[in-house]
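A structural walkthrough
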Amino acid sequence: KPQIEPNTAQEIDRKRQLLQDFDKGITGKAEEIHKHELKELRDKAKPMLQEINKLRDNKPLNPFKTKAWKQDLDKNLEQYNKLKTAHDTKQQKGITPEHKEMARALYYKAFPDKYDKLYEIQNDVKSYDQQREQQELQQRQAELAQRRQDREVQQVDRGNDRDIDY
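Notes on the structure follow. This one's a predicted model, so the numbers in the text were calculated from it and none came from an experiment. (Residues numbered from 1 in each chain as written. Predicted model: local features only at pLDDT ≥ 70, side-chain atom pairs only at ≥ 80, totals over all residues. Heavy atoms only, no water.)

A look at the pattern of salt bridges
The full count for this structure, using the stated rule, is 13 salt bridges. Here Lys15 and Asp124 are joined by a salt bridge, their closest N and O atoms 2.7 Å apart. Residue Lys15 is located in helix α1 (residues 6-57), and its partner Asp124 is located in helix α4 (residues 112-162); the two are separated by 109 residues in the primary sequence. We classify Asp124 as partly exposed; its relative accessible area is 34%. Between Arg104 and Asp23 there is a salt bridge whose closest N-O contact spans 4.0 Å. Of this pair, Arg104 sits in helix α3 (residues 97-110) while Asp23 sits in helix α1; the two residues are 81 residues apart in sequence, bridging distant segments of the chain. With a relative accessible area of 23%, Arg104 lands in the partly exposed category. The class for Asp23 is partly exposed, based on a relative accessible area of 34%. (Salt bridge = Lys/Arg side-chain N within 4 Å of Asp/Glu carboxyl O. Helix = DSSP H or I, 4+ residues; strand = E, 2+ residues; numbered from the N terminus. Buried < 20%, exposed > 50% of the residue type's maximum accessible area, 1.4 Å probe, protein only.)

What follows is the structure, given as structure tokens:
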């Protein structure tokens, strides 16, 4: 197979840089999506917390109403705690592959032609890398075969040296 031209290597390096820049942009958008999800959970929790505080401040004096009040407070606390746990878990996990997929989908929706071009670039880089790997493998195999052949020749030469009569 023909050797890879240096020009092509430079072009591939440029394409790799484009892909890295794209990946940074996707990661940035994924961070925005993640932050937005966390904000939505906090916004949803605020009125629940206000309701819990309101209930705590208005404990009924009538002992017959205390049971219903306690059940209402417990129900609100349970809902709030579930939401808080979801928020904390999401915050702890950070950006997930799903966030990156959402960011890619948004990019594709906004710029389908550019996204398709980036996909082609990614395939070019992958193809180039596979070609390089194949060439390196063939080169290693050729070197190994040459070493084996050199060893066999040396062994034959040693054998011939022993058979010489003086």
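Let's pick the thread back up.
Some points on helix α2 (residues 63-93)
An ideal rise of 1.5 Å per residue puts 45 Å on 31 residues; α2 measures up with 45 Å between its terminal C-alpha atoms. Restricting attention to buried positions, one finds in α2 the residues Trp69, Leu73, Asn76, Tyr80, Leu83 and His87. The opening residue of α2 is Asn62, an N-cap whose side-chain oxygen sits 2.9 Å from the backbone nitrogen of Phe64. Gly94 sits one or two residues past α2 and shows a positive phi near 75°. (Expected span 1.5 Å × (residues − 1). Polar contact = N/O pair within 3.5 Å; in protein donor to acceptor, adjacent residues only side chain to side chain.)

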